[in-house]
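Single-letter residue listing:
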Amino acid sequence: MGNSGDSRHSQKREVDRTIAIIKAHPQVNQVSEPYTQDDVFHLDVILEVPMPNAWRAIGESPSGVRRFEEIHLKFPRLYPLDPPELSLRADFSRNHAHIQPWLTSDERPVPCIQDGQLTEFMQQHGIAGILNQTVLWLEHAAEGRLIDPEQGWEPQRRDDTQDFLVADSSSLRATVSRNGGFRFTRMGYFRRHGHWLFGQVFNDQVPVNEKSIRDAVTWTTHNGEFQRGDSLALIVWPGKQPSGDPIVCDVYVPDNVRNLSNLKEKAREFGCVRELTDGLNRLAKCVRKYRSREACPIGVVLCARRPCNIIGTTSNIEICCYTLDFYANEAFPNGDDTPVRPCAHRDHITRELLSTLSGLPAEDTPPIWTLIGAGSLGSKIALHLGRAGRGPSTIIDSAMMAPHNAARHAIIPAEPDKQIMLMDMKARLLKEALGGLSQNVTAITDDIVDVFHSRALSKHAWHNDTWAIVNTTASLRARAALCTQAFRHRVIEALLYANGSLGVIATEGANRNPDVGDIFTELYALASGDDKIRQQLYPEGGDIELQRIVVGEGCGSATMQVSDGRISMYAAGMSEYLLSRQQEGLPTEGELLIGRLSGTGIGVSWEHVPVAPVCIVRTENETGWTIRLSARAHEKIEREVAHWTSVETGGVLLGRQDEVTRSFYVIDVLAAPEDSQRSRHKFELGVKDLRRTLDNYVRTTNATLYCLGTWHSHLAPSGPSALDNQSAQAMGLARLAPSILLIHTPDGYRAVLAERTNSEGEA
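A brief report on the enclosed structure follows. Given the structure is predicted, the values throughout are model-derived calculations rather than measurements.

### Things to note about the pairing of strand S26 (residues 626-629)
Side-chain alternation along S26 places Thr626 and Arg628 on one buried face and Ile627 and Leu629 on a second face that is also buried. With four bridges joining them, S26 and strand S28 (residues 663-671) adopt parallel strand pairing. Paired with arginine 628 across the bridge in S28 is tyrosine 665.

The structure is reproduced here in structure tokens:
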């Protein structure tokens, strides 16, 4: 008792402070003494509503708002943590927009003064803010400006409803034609305690006859507190006036539908009462021969034309949903007294809805793109983009889901006794998840290399209008295979290194130049001059750090030890990058983005590195091999040639070789040693400190980059000389791996492949 008294005394102090603030407000004319009722404090406040002098003289506006309006404040027990309940005088007209559909316990209307939760508004602006918003609301109500055509039509409120129908708003609005009408569609429903209803309205139409209605409706009995079944939804819309103009309802009336009579009156306001009545009569006729004692819910959707677009939409069709029960034999035995419950409308999960909520243009056609890799990173990227209405069109992954994948995969396992359903291919499971986001996906469970070599599979893997191919496998084999393909689809690769401390995005340039092979060569070159990147790419002891984790008796998985949260940090940034590129277009140059874990470990910072197109040179003595000369290497060669204009010069080519793509990726050049010899007809590469310099370079790149051969210049346009061919042959004998001899001439590059041959002269 003592605690209750202390609490009441404390609340009285808070109310007294509030009254002092209220009395100081310039629009407050009078404040009553606080009084208690139902063990809480109440307060009546008279506000002077700003209005023109002519209205002030007569004491009210044409819309019925008085110059001096009384508002009532009911303070909850948790005030000021919770805001006071605000209500108007009992006889205040409810034919205003932005007014709640319910009344207080003493029959007072409740204005909607804030777009959002009043609880949060109270914490930010206090009681003074609530008074300011109330005065503004009353002023707009007096002037008839609660609905602003530029903002849109305020739909009828459904905040207090327990029932709701999920329906595709675009499909419903597309149904409305100039001629009034109705149609039935399928509806699935779930009902609890015989009252609370969740219905899903489908788009497929149901013909109105006994057989189709019987097939569409399941007369189910209650299973404890739940009832689930199939039923119908009735979509109704108004037609046109005798003049031919469409029927438009430009009067805002609160939704007070409680029975079938009210529903018909509401339809009359909207101009579609005949259509509603015809639809209900047709239903009653079709179920006349049925035998069942159970009630079945039916959803009713009235589509009203408004004078301007509904707030937040590009349509002037307002969707008003209701539900009522019908029975076999006699559909509505209580006639116009049949109870009707207003329902809140919720949109179907559609690409348009997901795009809108993600801040993307809903009307845009989503790009077609292919995801290679449905593992932990790929699945997260797929679902991030899927939730934005931009998920992949095709997913390629040959791996099966295993229990240990639950640690990081985006697919959530079912409860333990149902987890056998998770033992499916990752691509198929991810396809099903995206299907739940209303996105159709093709799942290919073949190995990516097999896809490349199968015309039938390739037809499903990508199309002529494919926007990009996103590879998240972190597979060198997959990357090399992608680089061998002749298609023009640009490849974007995303992967993580070093237990998630480094992330990389590589995007190919226009015409796939540079390709991902070029871009990752650029990454290796950057690592040679950046200790931190080098340590993350090449951890102490060897290659990229993959630990073998025991996942079962006799089983292991070569993978990183990294938390789901860390992968998600990178996946979020990678997904945002893909979304922005889908909106803004792919870059002309290649892009390398390097994401580094912040010092706190709870964030990622991304560095952007543009990668210019490479110069592609084909070897003259061996078909199929190409030299891909980076912009960095090309510029150094050009500078060297410009410096030695009267003699031949040269140097050493650095980079990496790929047997699969038959490419030499030249990322840099090493200046000729100081003991090199230059003349007008010959360049001889020196050897002073060359071995030591090359060994140091190879060590800083963990042997991912190395010497590929040499280059020299010709002063006149010409192909390889006899001496060049001899040099290439000597280089081939000296190295197990092929080498290249690159020649810079005034009219472009020429190249010779230097390769060890067998005793019969074959490579």
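Further notes follow.
### Digging into the sheet that holds strand S18 (residues 466-471)
The strands that make up a sheet pair up through hydrogen bonds in the backbone, lying either parallel or antiparallel. Read from one edge of the open sheet, eight strands run S17-S16-S15-S18-S19-S20-S23-S24, paired in mixed fashion. The strands lining the two open edges of the sheet, one partner per strand, are strand S17 (442-444) and strand S24 (604-611). Each adjacent strand pair in this sheet contributes to an overall mean axis angle of 15°, direction not counted. Where strand S19 (residues 491-497) meets strand S20 (residues 502-507), six bridges bridge the pair, whose relative direction is antiparallel. Across the sheet, the residue bridging to leucine 496 is glycine 503, located in S20. On top of the sheet, helix H9 (residues 376-386) reaches strand S15 (368-372) and S19; it is set at about 125° to S19, its chief contact. Strands in contact with helix H16 (residues 564-584) are S15, S18, S19, S20, strand S23 (590-597) and S24; relative to S23, the strand with the most contacts, it is inclined by about 155°.

### Considerations on the pairing of strand S14 (residues 341-347)
As paired strands, strand S8 (residues 164-167) and S14 are joined by four bridges and run parallel to one another. Bridge assignment links alanine 167 to a residue of S14, and that residue is aspartate 347. Relative to S14, strand S13 (residues 317-326) runs antiparallel, the two sharing three bridges. Bridging from a neighbouring strand, threonine 323 pairs with arginine 341 of S14.

### Quick notes on the sheet that holds strand S25 (residues 615-618)
The strand order S25-S26-S28-S27-S31-S32-S33 describes an open sheet built from seven strands, whose pairing is mixed. The sheet is open, and its two edges are formed by S25 and strand S33 (748-754), each paired on a single side. Averaged over all adjacent pairs, the angle separating strand axes in this sheet is 30°, with direction ignored. Examined bridge by bridge, strand S32 (residues 739-745) and S33 share seven bridges and lie antiparallel to one another.

### Focus: helix H17 (residues 631-643)
Between its first and last C-alpha, H17 extends 18 Å over 13 residues, near the 18 Å set by a 1.5 Å rise per residue. Residues of H17 that are buried: Ala633, Ile637, Glu640 and Val641. The arc enclosing the buried residues of H17, seen along the axis, measures out at 95°, which places them on a common side. Of the exposed residues in H17, those oriented more than 90 degrees away from the buried face are Arg639, Ala642 and His643.

### Quick word on the packing of helix H6 (residues 260-270) against helix H7 (residues 273-286)
When two helices pack together, their arrangement is captured by the angle between the axes and the distance separating the axes. For the pair H6 and H7, interaxial distance at closest approach is 7 Å and the crossing angle is 140°. In this view, H6 runs oblique relative to H7, as classed from their interaxial angle. Two secondary-structure elements touch here, H6 through Leu260, Leu263, Lys264, Ala267 and Arg268 and H7 through Val273, Leu276, Thr277 and Leu280. For the contact of H6 with H7, the per-class residue count stands at six nonpolar, one polar and two charged.

### What to know about the packing of aromatic side chains
Counting across every chain of the model gives 11 aromatic pairs. Note on phenylalanine 190 and tryptophan 196: the rings are 6.1 Å apart at their centroids and 85° apart in plane angle, and the pair reads as edge-to-face. The structure contains a cluster of three or more aromatic residues connected by ring pairs, namely Phe164, Phe190, Trp196 and Phe198. Directly above the aromatic system of phenylalanine 202 lies the positively charged group of arginine 186, at a separation of 4.4 Å from the ring centroid. Cation over ring: arginine 479 sits above phenylalanine 520, and NZ or CZ is 3.6 Å from the ring centre.

### Let's talk about helix H10 (residues 426-435)
Among the residues making up H10, those that are buried are Lys426, Ala427, Leu429, Leu430 and Leu434. Projected down its long axis, H10 carries its buried residues within an arc of 165°, all on one side. The secondary structure elements touched by the buried residues of H10 are S15, H9, strand S16 (394-396) and S17.

### So, unusual backbone geometry
The omega torsion across tyrosine 79 and proline 80 is 10°, close enough to zero to call that bond cis. Tracing the backbone through its elements, the reader meets proline 80 in the loop between strand S4 (68-75) and strand S5 (85-88). Cis geometry is found at the peptide bond from asparagine 513 to proline 514, where omega equals 5°. Its identity is not glycine, yet asparagine 511 carries a phi of approximately 60°, on the positive side. Looking at the secondary structure, you find asparagine 511 in the loop between S20 and helix H14 (516-528). Judged by its relative accessible area of 56%, asparagine 511 is exposed. Located in the positive-phi region is arginine 512, a residue other than glycine, with phi close to 60°. Within the fold, arginine 512 resides in the loop between S20 and H14.

### Notes on the environment of proline 717
Relative to the helices and strands, proline 717 is located in the loop between strand S31 (706-713) and helix H19 (722-734). Overall, the relative accessible area of 52% leaves proline 717 in the exposed class. Sequence-distant contacts of proline 717, that is, excluding residues within four places in its chain, are made with Thr745, Pro746 and Asp747.

### A closer look at the nonpolar core
Counting residues in each nonpolar core, the largest one holds 52 residues, and the members touching the most others are Ile213, Leu263, Leu276, Leu283, Leu302 and Phe326. Listed in part, the 45 residues of the second largest apolar core include Ile444, Ile448, Tyr497 and Ala506.

About the cut-offs
- Residues numbered from 1 in each chain as written.
- Predicted model: local features only at pLDDT ≥ 70, side-chain atom pairs only at ≥ 80, totals over all residues.
- Heavy atoms only, no water.
- Buried < 20%, exposed > 50% of the residue type's maximum accessible area, 1.4 Å probe, protein only.
- Helix = DSSP H or I, 4+ residues; strand = E, 2+ residues; numbered from the N terminus.
- Pairing = 2+ DSSP bridges.
- Axes fitted to C-alpha atoms, helices over the stretch in contact; angles between N-to-C directions.
- Contact = heavy atoms within 4.5 Å.
- Expected span 1.5 Å × (residues − 1).
- Arc of directions from axis to C-beta.
- Parallel < 35°, antiparallel > 145°, perpendicular 65-115°, else oblique.
- Nonpolar A, V, L, I, M, F, W, Y, C, P; charged D, E, K, R; others polar.
- Phe/Tyr/Trp six-rings, centres within 6.5 Å; stacked < 30°, edge-to-face > 60°.
- Lys NZ or Arg CZ within 6 Å of the ring centre and 35° of its normal.
- Core = buried A, V, L, I, M, F, W, Y, C linked by side-chain atoms within 4.5 Å.

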